[in-house]
Amino acid sequence: AYEIGVRLVGSEMCIRDRVYAALKTYSKPLIQAGGKPVLKELDIPVAADSKSCTFVIGQILSNAIKYRKDNLQVEFSARAEKNTVSLFISDNGIGISAADLPRVFDKGFTGENGRRYSKSTGIGLYLSQRLCRKMNISLSISSVPGQGTTVTMVFPTESYLQAAGLSSLAFF
């Protein structure tokens with residue numbers, strides 16, 4: 001059984017800082033894979049638990065490294081809207097088949113790609129989805145086999161959380 005606890009007490013952080021923290025954690029495998037991170041427009045504050053957010057971004061980065069092609073490139077970009085901030089993490093890897101895409105967040109699901117790569121457990125995206133739900137973050141994936149994958153994290157803004165009365169709540 002996996003227990004997931006997230007404490008969100010009006011904590012704002014900058015998306016850039018969480019991306020940098022995840023890149024630092026995965027710097028060795030990224031360098032070994034010859035990967036190149038591209039960072040665009042990340043100086044946007046979001047309301048989220050920094051440790052959990054870094055874990056989720058790290059899992060996505062880990063998958064990009066695991067399921068790469070030659071000349072790996074992982075692009076991180078963000079966009080602020082009225083009540084949300086979206087973080088887009090795109091890679092130019094092998095992609096995910098349309099048949100597997102609906103199940104990537106299922107516990108233990110490794111799919112077609114997972115059967116080809118021995119390091120797949122089917123737990124990383126499952127835990128990431130659970131953590132995102134606890135933080136009121138939407139997590140979605142789109143992919144084109146052979147071209148790459150884009151993971152989107154949609155964060156509620158601090159003002160939106162305050163209006164909803166959620167800013168000071170602890171989620172467990």
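Above this text is the structure in question.
All of the points below concern the structure found in this document. Predicted model only: the values in this text are computed from it and were never measured. (Residues numbered from 1 in each chain as written. Predicted model: local features only at pLDDT ≥ 70, side-chain atom pairs only at ≥ 80, totals over all residues. Heavy atoms only, no water.)

## Here's the deal with the sheet that holds strand 6 (residues 84-91)
Ordered in space as 3-5-6-8-7, the five strands form an open sheet in which the pairing is mixed. Here the strands that pair on one side only, and so sit at the sheet edges, are strand 3 (36-40) and strand 7 (138-144). Recorded for the sheet is a direction-independent mean angle of 15° between the axes of neighbouring strands. With eight bridges joining them, strand 6 and strand 8 (residues 148-156) adopt antiparallel strand pairing. For valine 85, the partnering residue across the bridge sits in strand 8 and is phenylalanine 155. Helix 3 (residues 50-66) rests against strand 5 (73-80), strand 6, strand 7 and strand 8 of the sheet, and its axis sits at about 170° to strand 8. (Pairing = 2+ DSSP bridges. Helix = DSSP H or I, 4+ residues; strand = E, 2+ residues; numbered from the N terminus. Axes fitted to C-alpha atoms, helices over the stretch in contact; angles between N-to-C directions. Contact = heavy atoms within 4.5 Å.)

## Structural notes on the pattern of salt bridges
Per the counting criterion, the structure on display carries five salt bridges. A salt bridge links glutamate 75 to lysine 40; its shortest N-O distance comes to 3.3 Å. Linking glutamate 75 in strand 5 with lysine 40 in strand 3, this pair joins segments that are 35 residues apart in sequence. A residue is classified by how much of its surface remains accessible, and lysine 40, at 40% relative accessible area, is partly exposed. (Salt bridge = Lys/Arg side-chain N within 4 Å of Asp/Glu carboxyl O. Buried < 20%, exposed > 50% of the residue type's maximum accessible area, 1.4 Å probe, protein only.)

## Examining the environment of leucine 30
For leucine 30, the location among the structural elements is in helix 2 (residues 27-32). Sequence separation between leucine 30 and isoleucine 65 is 35 residues, and the spatial gap between their C-alpha atoms is 6.4 Å. Leave out the neighbours within four places in its chain, and leucine 30 touches Leu23, Gly35, Pro37, Leu61, Ile65 and Leu72.

Any functional reading would require information beyond the geometric quantities listed.
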